[in-house]
Number of protein chains: 2
Amino acid sequence: MKKKTTIYDIAKALNITVSTVSRALNDFPTISKATKNAVLETAKTLNYTPNKLATALKLGKTNIIGVIVPTVQASFFASVINSLEDGLKDKGYRIILYQSNESLAKEINGVKALLEAQVDGIIASMSLETNETNHFEEVVKQNKPLILFDRVNKSFGVPTVTLDDFMAGYIATQHLIDKGYKKIALLTTVHQIKIFSDRLQGYKKALLDNNLEIIDEFIIYGGLSIKDGRFGVGKLMRKKNKPDAIVAGDDFTALGAIKKLIEIGETPPKIGVIGFSNEGFSAYITPNLSTIDQHANEMGKECAKMFLKMIQQGNPYDEVSHTVLTPTVIDRESTGRIYK
Amino acid sequence: MKKKTTIYDIAKALNITVSTVSRALNDFPTISKATKNAVLETAKTLNYTPNKLATALKLGKTNIIGVIVPTVQASFFASVINSLEDGLKDKGYRIILYQSNESLAKEINGVKALLEAQVDGIIASMSLETNETNHFEEVVKQNKPLILFDRVNKSFGVPTVTLDDFMAGYIATQHLIDKGYKKIALLTTVHQIKIFSDRLQGYKKALLDNNLEIIDEFIIYGGLSIKDGRFGVGKLMRKKNKPDAIVAGDDFTALGAIKKLIEIGETPPKIGVIGFSNEGFSAYITPNLSTIDQHANEMGKECAKMFLKMIQQGNPYDEVSHTVLTPTVIDRESTGRIYK
DNA sequence: CTGAAAGCGCTAACAA
DNA sequence: TTGTTAGCGCTTTCAG
């Protein structure tokens, strides 16, 4: 268990001082080519690994940023993290990952843990349980960048990166209308997080703009899952007044809806179905699923960009900006009926 | 930009010394209840956040562990990371994530970066480009736990957690044979990483054990992707001697194979298809795909367990163990032909 | 161009 | 039970 080599070892080996070594290592202009090369060389020979911890302690900057997501197992979050890490690693930033598992308690712990680890900032998407922002307050108080994405609270004055969920609801509905569907149901859920109410508003607005009636019993509030999709369809198709298309709350719900529709002989696109998220399976199921692309990768990139900007400007909260990404329709078979 | 509060501030406020504060904060037995409470209280009032960086520097232990994977965007790796992070966070460990993007150069950089960040250990799965282990050597040299999982190099003397890939190839093939298929083709790839050759051996052994002939032209070496799956099937079905079932290198390849088979009217399970990985979509496509479960979550858990064990025992490399997980067949429609 | 020395925030050995 | 102090490895100001 030999001791690790430090700049002191390099200094001793060359009969110079640590300050010179430090300067050489950090490429200061005021250093002679000769000493610099000598330092670099002995650093290599001595198998020197810089201790960023010490640097971080000294400088008050770790170059580590904390990321809190409900779970990396959801393809959306995995994609965000993927592009986030990718975009930041070249700038010298590392990422500490913390999963909240949709639990507020864990999210609170996460913020605390990351702060204790002295991260330079936090990028987070709120858990479904989260109904307050007190735990995030401390990040702001420490004047460290905090960016919320996708599942955000905009009344809390931190920068956010989100999808335009009103528009998402709108274009999903409009897409169905464009394809000739006229009696459009919505499988949704109620939640603190504004996403779902925004989408609902978008759905309603699209109907209105097309002079279609908003039928209350076509709006089903339930969970979001394959099972809920099946259940929702069951409920809808038992009515005397049946819809001819369905906007599902997410792709899993849409999948459940499709399965149920196939069972009862109303295989999409006979009844149109559109989802949200563009999950991995959406392109591969039969009929493959039209859906709303949430641009996860862009979201990661935007978060990275915003973080870098906040770090650069002296005070991260000098100007708090909200980036809103534009959702797009992915047109596939499940909405492919063409007759107006 | 007020200064952060440190244990010195707490000490000053209570007219005691930092060592007492430190002891109180760390719950030393030799501290009086009174002072301890006082410390805890003022810590709260002063809004104290411990600086783990300083602790880490002092103790030479960060409680951070580095994780290197090709990408979090693959569901397998996402699952491993999910259970890894989940299993380790309660033990006080955080995870720094580093994606190699299947690039050796990035993987090398990753090891370096993580070592500089003074991680307590590294858990990694090798990139497809990786053909040497020099860059990992340094981790071992520093006597820090290094665990390789899934894509490993067993001749390199570090602990590993893997799936029994020979068995995976074997049971996939045996499954098809059990279902009555007799002319079984294999869509695979060649690679440094032993996984694929192991599976090939398993495939061959299963055929042998069942007195089925190994037909060279039934073994197609290509890439692994939807496109490669289509291509492979095209190639196979153009032969005069056609297979009646296909073991595909992964689920994507299997998916491509299925799509192509449907197109040419040989919809599985007419021709059987089995994949590897149990990707998210596998259960949802039509026909849904039989596949080999790689037990990603268990793999993460095993890595976590192994890491903890290595940390505990004085020298992490005292006993180098290799955990091998048992693959299991997920029996779905794509192999559902029953006639012997 | 280089050196000396303080200090980032914490822990722990030693003393009291 | 508490205090004193050195030091983890590094950067940077001030001198030279």
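These figures come from a predicted structure and were not determined experimentally.

1. With respect to the sheet that holds strand S2 (residues 94-99) of chain A
- Taking strand neighbours across the sheet as the criterion, the 12 strands line up as S11(A)-S5(A)-S4(A)-S3(A)-S1(A)-S2(A)-S2(B)-S1(B)-S3(B)-S4(B)-S5(B)-S11(B) in an open arrangement whose pairing is mixed. For this open sheet the edge positions go to strand S11 (322-325) of chain A together with strand S11 (322-325) of chain B, each flanked by a neighbour on one side alone. The sheet shows a mean angle of 20° between the axes of neighbouring strands, direction not considered.
- Pairing between S2 of chain A and strand S2 (residues 94-99) of chain B: three bridges, direction antiparallel. Each residue of the ladder has a partner; that of Ile96 of chain A, found in S2 of chain B, is Ile96 of chain B.
- Here helix H6 (residues 104-116) of chain B sits on the sheet in contact with S2 of chain A together with strand S1 (64-69), S2 and strand S3 (121-124) of chain B, set at roughly 155° to S2 of chain B.

2. Describing the protein's contact with DNA strand D
- In the region of DNA strand D, 27 residues are neighbours, and Tyr48 of chain A together with Ser19, Thr20, Arg23 and Lys58 of chain B sit closest.
- For DNA strand D, the backbone portion of the atoms within 4 Å of the protein, that is sugar and phosphate, comes to 58%.
- Contact between DNA strand D and Asn26 of chain A: a phosphate oxygen at 3.3 Å from a side-chain N or O atom of the residue.
- The separation between a base oxygen of DNA strand D and a polar side-chain atom of Lys58 of chain A is 3.4 Å.
- Those elements that provide at least two residues to the surface near DNA strand D are helix H1 (7-14), helix H2 (18-25) and helix H4 (52-59) of chain A together with helix H2 (18-25) and helix H4 (52-59) of chain B.
- Residue composition of the surface near DNA strand D, by class: 10 nonpolar, 13 polar and four charged.

3. Some remarks on the nonpolar core
- Among the nonpolar cores identified, the biggest contains 173 residues, and Ile122 and Phe149 of chain A together with Ile122 and Phe149 of chain B are the most heavily contacted of them.
- Ignoring anything within four residues of it in the chain, the contact list for Ile122 of chain B reads Gly66, Ile68, Val111, Leu114, Leu115, Val139, Pro145, Leu146 and Ile147 of chain B.

4. A closer look at the relation of the copies chain B and chain A
- Note on the identical chains: chain B maps onto chain A by a rotation of 180° and an axial translation of 0.0 Å, with an RMSD of 0.1 Å. Such a combination of rotation and displacement between the chain copies is what one expects of a two-fold axis.
- Both copies share a contact surface, since 100% of the interface residues of chain B are interface residues in chain A too.

5. Thoughts on the UniProt feature "domain: HTH lacI-type" (unreviewed entry) in chain A
- Mapped onto this structure's residue numbering, the UniProt feature "domain: HTH lacI-type" (unreviewed entry) falls at residues 5-59 of chain A.
- The distance from the first to the last C-alpha atom of residues 5-59 of chain A is 21 Å, and the span holds 67% helix and 0% strand.

6. Focus: the sheet that holds strand S10 (residues 290-293) of chain A
Residue and element names in this part refer to chain A.
- In space, the six strands of this open sheet follow the order S7-S6-S8-S9-S10-S12, with mixed pairing throughout. Each edge of the open sheet carries a strand with a single partner, namely strand S7 (219-221) and strand S12 (328-330). Each strand of the sheet is rotated relative to its neighbour by a mean of 20°, with strand direction disregarded.
- In the sheet, strand S9 (residues 272-276) pairs with S10 via three bridges, with the strands oriented parallel. Its bridge partner lying in S10, Phe276 is registered against Ile292.
- Sheet strands in contact with helix H8 (residues 165-178) are strand S6 (184-188), strand S8 (245-248), S9, S10 and S12, and its direction is about 160° off that of S9.
- The strands touched by helix H11 (residues 251-263) are S6, S8, S9 and S10; relative to S9, the strand with the most contacts, the crossing angle is about 160°.

7. Brief notes about the environment of Asp178 of chain A
All names here are of chain A.
- Mapping Asp178 onto the fold places it in helix H8.
- The exposure class of Asp178 is partly exposed, given its relative accessible area of 42%.
- For the pair Asp178 and Asn109, spaced 69 residues apart in the sequence, the C-alpha separation amounts to 47 Å.

8. Quick word on the protein's contact with DNA strand C
- By nearness alone, 28 residues border DNA strand C, and Thr20, Arg23 and Lys58 of chain A together with Ser22 and Tyr48 of chain B come closest of all.
- Sugar and phosphate atoms represent 64% of those atoms of DNA strand C found within 4 Å of the protein.
- In this structure, a phosphate oxygen belonging to DNA strand C sits 2.7 Å away from a side-chain N or O atom of Ser22 of chain B.
- Between DNA strand C and Ala54 of chain B there is a distance of 3.3 Å, counted from a base nitrogen to a backbone nitrogen or oxygen.
- When residues of the surface near DNA strand C are traced back to their parent elements, those giving at least two are H2 and H4 of chain A together with helix H1 (7-14), H2 and H4 of chain B.
- Here the element with the most residues in the surface near DNA strand C is H4 of chain B; it accounts for four residues.
- Partitioning the surface near DNA strand C into residue classes produces 11 nonpolar, 13 polar and four charged.

9. What about the pattern of salt bridges?
All names here are of chain A.
- Counted by the stated rule, this structure contains 30 salt bridges over all chains.
- Residue Lys205 pairs with Asp209 through a salt bridge whose shortest N-O separation is 3.2 Å. Here the residue Lys205 and the residue Asp209 both occupy positions in helix H9 (residues 195-209), the gap between them amounting to four residues, near one helical turn.
- Exposure remark for Lys205: the relative accessible area of 36% places this residue in the partly exposed category.
- A relative accessible area of 41% places Asp209 in the partly exposed class.
- Counted as one network, the salt bridges with shared partners bring together Glu85, Asp86 and Lys89.

10. Digging into the packing of aromatic side chains
- For the structure on display, the rule yields 14 aromatic pairs over all chains.
- Measuring from centroid to centroid gives 6.4 Å for Tyr284 of chain A and Phe252 of chain B, while their planes differ by 80°, and the two rings are edge-to-face. Placement of Tyr284 of chain A in the loop between S9 and S10 and of Phe252 of chain B in helix H11 (residues 251-263) is noted, with the two residues assigned to different chains.
- Ring geometry for Tyr284 of chain A and Phe281 of chain B: centres 4.9 Å apart, planes at 70°, overall edge-to-face. Taken as a pair, Tyr284 of chain A in the loop between S9 and S10 and Phe281 of chain B in the loop between strand S9 (272-276) and strand S10 (290-293) lie in two separate chains rather than in one. Residues Tyr284 of chain A and Phe281 of chain B agree in their burial class; the two are buried.
- The ring of Tyr98 of chain B carries the charged tip of Lys89 of chain A above its face, separated from the ring centre by 4.8 Å.
- Over the face of the ring belonging to Phe276 of chain B we find Arg199 of chain B, whose NZ or CZ atom lies 3.9 Å from the ring centre.

Procedures and definitions
Residues numbered from 1 in each chain as written. Chains lettered and ligands numbered in written order. Predicted model: local features only at pLDDT ≥ 70, side-chain atom pairs only at ≥ 80, totals over all residues. Heavy atoms only, no water. Pairing = 2+ DSSP bridges. Helix = DSSP H or I, 4+ residues; strand = E, 2+ residues; numbered from the N terminus. Axes fitted to C-alpha atoms, helices over the stretch in contact; angles between N-to-C directions. Contact = heavy atoms within 4.5 Å. Near = heavy atom within 4 Å. Polar contact = N/O pair within 3.5 Å; in protein donor to acceptor, adjacent residues only side chain to side chain. Nonpolar A, V, L, I, M, F, W, Y, C, P; charged D, E, K, R; others polar. Core = buried A, V, L, I, M, F, W, Y, C linked by side-chain atoms within 4.5 Å. Buried < 20%, exposed > 50% of the residue type's maximum accessible area, 1.4 Å probe, protein only. Least-squares fit on C-alpha atoms with pLDDT ≥ 70 in both. UniProt positions renumbered as here; feature names shortened; annotations may be inferred. Salt bridge = Lys/Arg side-chain N within 4 Å of Asp/Glu carboxyl O. Phe/Tyr/Trp six-rings, centres within 6.5 Å; stacked < 30°, edge-to-face > 60°. Lys NZ or Arg CZ within 6 Å of the ring centre and 35° of its normal.

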